[in-house]
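# A look at the structure
The chain contents come next:
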Amino acid sequence: MKILVINAGSSSLKYQLYDMSDESVLASGRVERIGMDSSIVTHEPVGALEVRDVSEILDHVSAVKRVIDLLTHKEYGVVTSMSEIEAVGHRIVHGGEVFKNSALVTMEVKKEIKRLFDLAPLHNPAHLMGITAVENVLPGVPQAVVFDTAFHQTMPDTSYLYPIPTVLYRRHGVRRYGFHGTSHAYVSDKAARVLNKPLESLKMITCHIGNGASCTAIKDGKSIDTSMGMTPLEGLMMGTRSGDIDPAIVPFVMNKEELTLNEASSMLNKHSGMLAISGLSSDMREVTDAMNEGDKNAKLAFDMYVYRVKKYIGAYAAAMNGLDVLVFTAGVGENSVVLRKAVMEGLTFLGLELDEKRNAARSKEARQISTDRSKVKALVVPTNEELLIARDTYALVNEAQ
Ligand code: ADP
């Protein structure tokens, strides 16, 4: 079965086509600047040259049509006809409390995604446009939705409630939902396989550290706490996001600087984190390069970033009363040798011992970076959210047949 995985944003649409007989990727690509007269389409058939063009793509229906044209194209295509695409899986940011698992798209599911617009105003409307566009272009093809929040629905109320008036939870759904769930689920499963131990027997902390970053405490295979909250702003310090701060800072600064709600939100989401402290960049490579050249602010940004990752690992080890496995993933977690070293060197008391050679080795495979005698195992596991979306879609479509 061939499955198309789609991540639809408001002005972009990323895709991957999987052949589920061996879980291989046949092609991937993206449409950017949807809605403008100069949309950019990049199509990468595996094993062939990348195709790139600029054309007018005014809406998501045209974007999906363009993707299907490319996938079935005589020269650049990877399938002979669109009927070979038997199912489509979508990444959906917010599943609220309704979606504890992935689901097949029905009228009711679409209504629920719409009800959740309030909680993910930038993402869920775009995802729904993606679903509707596929209905238009590939009528009758089953679609599934896989939520970033679903994996964290196992959190107990002690983790997901905030100590504020509970009426806000009942009226507006103010609670911790957590994000990056598809990634945390994928890498925790993969780490257990690499260690050849049942996931259900392990206390694990997964650190998804990219532009956005979150840590998750996973006990017996279930998320019991995660650092992102009602929105992806809480928790770790990130590229441009503040992560945890004293909430009283917000009204204080709004008052002093005469900021509007939008300005305050933009300050915390787009102008904070590593970018604010380094005064240079939100990109970990640029910050570490500057640090190595002696830039003091870059060093401060790096040190604060590492310190906050360590604090969360310590907190989650306490929450689980122990730790067996620590996993690093995403852009920074998979690639930054110095970040992993700095984090792990401060956690020897937990029973973590870094193998410097393993840590420095370059590989795209999941691997251990702790020493053989380290009590707690540390791993780098490249994440693959698209594969998990394809797998869930495959399972749901097969179940329904
Ligand atoms: P997103 O959250 O947007 O998916 P990614 O997971 O791709 O982001 O992570 C992007 C981050 O990964 C950037 O800060 C980038 O600097 C960092 N990164 C990528 N490659 C490296 C590398 N070789 N060394 C250090 N950091 C890296």
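Everything numeric here is computed off the predicted structure, so don't read it as measured data.

Conventions used here
- Residues numbered from 1 in each chain as written.
- Predicted model: local features only at pLDDT ≥ 70, side-chain atom pairs only at ≥ 80, totals over all residues.
- Heavy atoms only, no water.
- Helix = DSSP H or I, 4+ residues; strand = E, 2+ residues; numbered from the N terminus.
- Rg over C-alpha atoms; globule rule 2.2 N^0.38 Å.
- Buried < 20%, exposed > 50% of the residue type's maximum accessible area, 1.4 Å probe, protein only.
- Contact = heavy atoms within 4.5 Å.
- Areas by Shrake-Rupley, 256 points an atom, 1.4 Å probe, with all protein chains shown as cover.
- Lys, Arg positive; Asp, Glu negative; His and termini not counted.
- Charge placed at Lys NZ, Arg CZ, Asp CG, Glu CD.
- Pairing = 2+ DSSP bridges.
- Axes fitted to C-alpha atoms, helices over the stretch in contact; angles between N-to-C directions.
- UniProt positions renumbered as here; feature names shortened; annotations may be inferred.
- Polar contact = N/O pair within 3.5 Å; in protein donor to acceptor, adjacent residues only side chain to side chain.
- Near = heavy atom within 4 Å.
- Nonpolar A, V, L, I, M, F, W, Y, C, P; charged D, E, K, R; others polar.
- Parallel < 35°, antiparallel > 145°, perpendicular 65-115°, else oblique.
- Left-handed = near helix turned anticlockwise from the far one by under 90°.
- Salt bridge = Lys/Arg side-chain N within 4 Å of Asp/Glu carboxyl O.

For the protein, the count of helices and strands is 15 helices and 14 strands. Relative to the globule expectation of 21 Å for 401 residues, the C-alpha radius of gyration of the protein, 22 Å, shows essentially globular dimensions. The C-alpha extent of the protein, read off along each of the three principal axes, is 60 × 55 × 45 Å. The buried share of the protein, taken over its 401 residues, is 50%. Summarising the internal contacts of the protein: among those between residues at least 6 apart in sequence, 60% fall at separations of at least 24. Of the accessible surface of the protein, which amounts to about 19,000 Å², a share of 52% is contributed by carbon and sulfur atoms. Between the averaged position of the 44 positive side-chain charges in the protein and that of its 49 negative side-chain charges there is a distance of 4 Å.

Looking now at the sheet that holds strand S4 (residues 36–45). Strands sit in the order S5-S4-S3-S2-S1-S6-S8-S7 across an open sheet of eight strands; the sheet is mixed. Across the chains shown, the open sheet's two edge strands, defined by having one partner strand only, are strand S5 (51–57) and strand S7 (103–104). Bridge count between strand S3 (residues 24–32) and S4: six bridges; the pairing is antiparallel. Note that in S4 the partner of Arg30 across the bridge is Thr42. Running over the sheet, helix H3 (residues 124–137) touches strand S1 (2–8), strand S6 (85–92) and strand S8 (143–147) and is turned about 170 degrees from S6. Relative to the sheet, helix H15 (residues 385–400) contacts S1, strand S2 (12–19), S6, S7 and S8, its axis offset from that of S6 by approximately 125 degrees.

Turning our attention to the UniProt feature "active site" (unreviewed entry) in the protein. Using the residue numbers shown here, the UniProt feature "active site" (unreviewed entry) corresponds to Asp148. With respect to the element layout, Asp148 can be found in the loop between S8 and helix H4 (157–160). Leaving out residues up to four positions away in the same chain, Asp148 has contacts with Arg91, Ile92, Val93, Gly178, Phe179, His180, Gly181 and Thr182. There is a polar contact of 2.6 Å between the side chain of Asp148 and the side chain of Arg91.

Right, let's talk about the site of the ligand for a bit. Within the structure, the ligand sits among Gly210, Asn211, Gly212, Ser282, Asp283, Met284, Arg285, Ala330, Gly331, Val332, Asn335 and Ser336. Here Met284 contributes a backbone N or O atom positioned 3.0 Å from an oxygen atom of the ligand. The side chain of Asn335 places a nitrogen or oxygen atom 3.4 Å from a nitrogen atom of the ligand. For the shell around the ligand, the elements supplying multiple residues, two or more each, are helix H10 (284–292) and helix H12 (330–335). For the shell around the ligand, the element with the most residues is H12, which contributes four residues. For the shell around the ligand, the class distribution of residues is three nonpolar, seven polar and two charged.

Turning to the pairing of S1, a few remarks are in order. Looking down a regular strand, the side chains alternate between one sheet face and the other. Buried residues dominate S1, accounting for six of its seven residues. Of the strand pairs in this sheet, S1 and S6 are connected by five bridges, and their pairing is parallel. The residue of S6 that forms the bridge with Lys2 is Ile85. Two strands pair when backbone bridges link them, and S1 and S2 are joined in this way by seven bridges, in the antiparallel orientation. Following the sheet pairing, Lys2 is matched in S2 by Asp19. Here S1 hands over to S2 after three residues, the two strands then running antiparallel side by side.

What follows is about the side chain of Asn124. With respect to the helices and strands, the residue Asn124 is situated in helix H3. Discounting chain neighbours no more than four positions away, the residues touching Asn124 are Ile92, Val93, His94, Ile113, Leu116 and Phe117.

Think of two packed helices as two axes; the pair is described by the angle between the axes and how far apart they sit. The interhelical angle for the contact between helix H1 (residues 60–71) and H3, taken along N-to-C directions, is 55 degrees, at an axis separation of 8 Å. Taken together, the axis directions place H1 and H3 in an arrangement best described as oblique. The two elements H1 and H3 meet at a crossing, and its hand is right-handed. Residues His60, Val61, Val64, Lys65 and Ile68 of H1 form the contact with H3, whose participating residues are Ala126, Met129, Gly130, Ala133, Val134, Asn136 and Val137. For the contact of H1 with H3, the class distribution of residues is eight nonpolar, three polar and one charged.

Here we come to the pairing of S2. Where burial is concerned, most of S2 is hidden: six out of the eight residues are buried. Relative to S3, S2 runs antiparallel, the two sharing eight bridges. Paired with Leu13 across the bridge in S3 is Val31. The turn linking S2 back onto S3 is made up of four residues, and Glu23 within it adopts a positive phi angle of 55 degrees.

Position of Tyr394 among the secondary structure elements: in helix H15. Assessed through its relative accessible area of 31%, Tyr394 is described here as partly exposed. Along the primary structure Tyr394 and Gln143 are separated by 251 residues, whereas in three dimensions their C-alpha atoms are 9.9 Å apart. Filtering out sequence-adjacent residues up to four positions away, Tyr394 remains in contact with Met1, Ile3 and Met20.

Further remarks concern the pattern of salt bridges. Following the criterion strictly, the structure yields 21 salt bridges and no others. Taking the shortest distance from any N to any O, the salt bridge between Arg391 and Glu23 comes out at 2.7 Å. Pair noted here: Arg391 is in helix H15 and Glu23 is in the loop between S2 and S3, with a separation of 368 residues, a long-range link. What makes Arg391 partly exposed here is its relative accessible area of 30%. With a relative accessible area of 31%, Glu23 lands in the partly exposed category. Put simply, Glu356 and Lys341 hold a salt bridge, and the shortest N to O gap is 3.1 Å. Remark: Lys341 occurs in helix H13 (residues 337–345) and Glu356 occurs in helix H14 (residues 356–360); sequence separation between them is 15 residues.

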